[in-house]
Every structure is written in structure tokens, then in C-alpha cells.
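Structural features, examined
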Amino acid sequence: MDLRIFTEPQQGASYDTLLTVAKATEDLGFDAFFRSDHYLAMGSTDGLPGPTDAWITLAGLARETSRIRLGTLMTAGTFRLPGVLAIQVAQVDQMSGGRIELGLGAGWFEEEHRAYGIPFPKEKFARLEEQLAIVTGLWSTPAGETFSHEGAHYRLTDSPALPKPAQGRVPVLIGGHGATRTPRLAARYADEFNIPFASVEDTERQFGRVRAAAEAHGRRPDDLVYSNALVVCVGRNESEVARRAAAIGREVDELRTNGLAGSPAEVVDKIGRYAAVGSSRIYLQVLDLSDLDHLELISAQVQSQLG
């Protein structure tokens, strides 16, 4: 079971804070550091000092880390033109020595689009499908050849399809709860399918849909990685769990139900239940980025028990 640290910087985090957490992620033996791609805080927080751009952040971290994988859950397809995104991700992959992964979604938070003057198209899923075709098509076009795309939303003509990522293929993550179109899209384009903030039962159901879609598309279902994203709140005792829950504005019982909360033993047991339905990777949503002791505890008493 891979454990990855997943942050939500729009809730309030500077680049220096993210760098500190990324370095701790690397030093403590976690597999990867991921971040959301949002420009507006959610809920009652003020989000100070303000948003940081996901791919600018990852470019900086690419040069200041050496081992961990780096990526997004999820880059909003509404934020960037697909050709530009392909260039950005390939460049950051080169800067990292081949450690980048791209989570790409349709985009959903209309308020942040209004706040920063970003168009919010009515039909987003069809755009996402074209974006995936373009990004992966640009990367897979052999050097010296050109790539063209004629779609309903995007047109590319004789692109040199450069630059290329350092990796042979940047892993693409697709995720969500949709019962039909999302599994079909994952079967066609994804290296990893991620379901965020879902119960064990809902996870099993959605993984089954993706596996069936992959088989229908002519892929081996086991060729995909299956993963979860879950909020984490671990403590050595009940008072520590309660303190950490209060720090992120959540209730302990709710976190136990909807996330990974409680003692290290409780969390290991619940991760095992996700593993039993096919999950091999957990993105731990860490919301208090000042609490590095939390990461140390998870590393020492949760990760160490998962092999």
C-alpha cells in the first residue's frame, strides 16, 4: 500500500509552507506529494496568503526534492488549454527527472472561475475527453512527426508535439463518482483511477465499474492502479485525535466515518478494508500543514505497519 500526502493549498498555504511539507514527505518515506488545483478557498477560512498555482508550485518542488512523485488531484480542465498544459507538464517532468503525474478533471467549482475571470463552460465533460486525447496524443507522437486534432472544442494543426516528458509516459489519473462516463474515460486514458472521499462500499462498487469498462475497452483491468483519497486525522490517544480534528474544524465521529481517523491501529485497520476491495494507494488529505508531528506519527506508526 502506497501512502501519498495530499494537500489543499487554496485553504491557506504559501509556497514555503508547501515546500516544508514536501520535504517532510520525502524525508519520512512517503511515496508522493500531491496538491489540489484551486484558486479559491472553500468554507469559512480566509485562505491567506492567497492561492498558489499548482503547476508553478510543482515546478519549484521538482527542483527542491529528489525522490518523491509529484502531481495534482485534480488539475481543472477549465484552467488551461490542453496544448499549453501538455507543455507545462512535460517541462515540469523534465525538471523533476521524471517524477510527475497528471490528475486531470473537468473542473467543478464555479465560484472560483467567477472570482478570477475564468470561463466556466456548460459542457465540461466533452471538453475533458478532448483534452485527454490531445495531451496524451502530443506526448505519444514520435519525435519528428506532427500531431493534429479536429474536435468540437479544440483544433490543433501540425503541432511539433514538443517538448516530450522525461518519462516514457506521464501517468494520468482520472477520478470521480460518475457511474458511466467516468469509468469509460478512465478505461480509455487512465493509468490510475482515484475515487475521492468514498466509503469502502462505494469504492468497491466504483472500482468494479472501472474494471468492467477497462475490460470492455480491451484493457486488462489490473493494468490500472486503483486508489482512494481520504482525509486523515491520527492521534496517539483520544485527546490528540480531538485536538487535530478541532484544528481542521471537523468532528471526530464524522472523521472516523468519512475518513481515516483515530489511533494508528484504527487507521491501519481501515486502510486494510480499502485494500481488500482493490485499493493499492491512499492519498492522505492533510489539512493542517503546520502539524509536521502528524506526518511523523503516520510515518512511524501507520506506514510502517503497511509494508
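Report follows, based on the coordinates. Every chain is numbered independently, its residues counted from 1 as its sequence is written. Restriction of local features to residues with pLDDT of at least 70 applies here, the model being predicted, together with a cutoff of 80 or more for giving and counting side-chain atom pairs; totals for whole chains, interfaces and linings are based on all residues. For the side-chain quantities, the full set of heavy atoms in the structure was used; hydrogens and water were omitted.

**A word on the environment of R205**
In this text, helices come from DSSP runs of H or I with a minimum length of four residues, and strands from runs of E with a minimum of two, each type numbered from the N-terminal end. Here R205 shows up in helix α7 (residues 200–216). R205 sits 28 residues away from H177 along the chain, and the two C-alpha atoms are 9.8 Å apart.

**Observations concerning unusual backbone geometry**
The omega torsion across L73 and M74 is -20°, close enough to zero to call that bond cis. Considering the arrangement of structural elements, one finds M74 in the loop between β3 (69–72) and β4 (75–76). Backbone torsion omega between L162 and P163 reads 0°, so that peptide bond is classified as cis. Its location among the elements puts P163 in the loop between β7 (155–159) and β8 (172–175). Of note, the phi angle at A161 is positive, near 55°, even though the residue is not glycine.

**Thoughts on α7**
Expected span of a helix: the number of residues minus one, times 1.5 Å. Taking 1.5 Å of rise per residue, the 17 residues of α7 would be expected to cover 24 Å, and the 24 Å separating its terminal C-alpha atoms lies within 8% of that figure. Here the term buried applies to any residue with accessible area under 20% of the maximum for its type, exposed to any over 50%, and partly exposed to those in between, with areas from a 1.4 Å probe on protein chains only. Every buried residue belonging to α7 is among V200, T203, Q206, F207, V210, A213 and A214, and all of these are buried. In an axial view of α7, the angular spread of the buried residues amounts to 145°, which keeps them on one side of the axis. Facing away from the buried side of α7 by more than 90 degrees, the exposed set consists of E215 and A216. Read the arc as the range of directions from the helix axis to the C-beta atoms.

**Focus: the pairing of strand β12 (residues 281–286)**
Counting buried residues in β12 gives 6 out of 6 residues, a clear majority hidden from the surface. By the alternation rule, side chains of β12 split into R281, Y283 and Q285 and I282, L284 and V286, which are all buried. Direction of pairing for strand β1 (residues 2–7) relative to β12: parallel, over a ladder of 6 bridges. The residue of β12 that forms the bridge with T7 is V286. Here, strands pair whenever DSSP counts at least two bridges between them. By the bridge criterion, 5 bridges tie strand β10 (residues 225–234) to β12 in an arrangement that is parallel. Bridged to L230 within β12 is L284.

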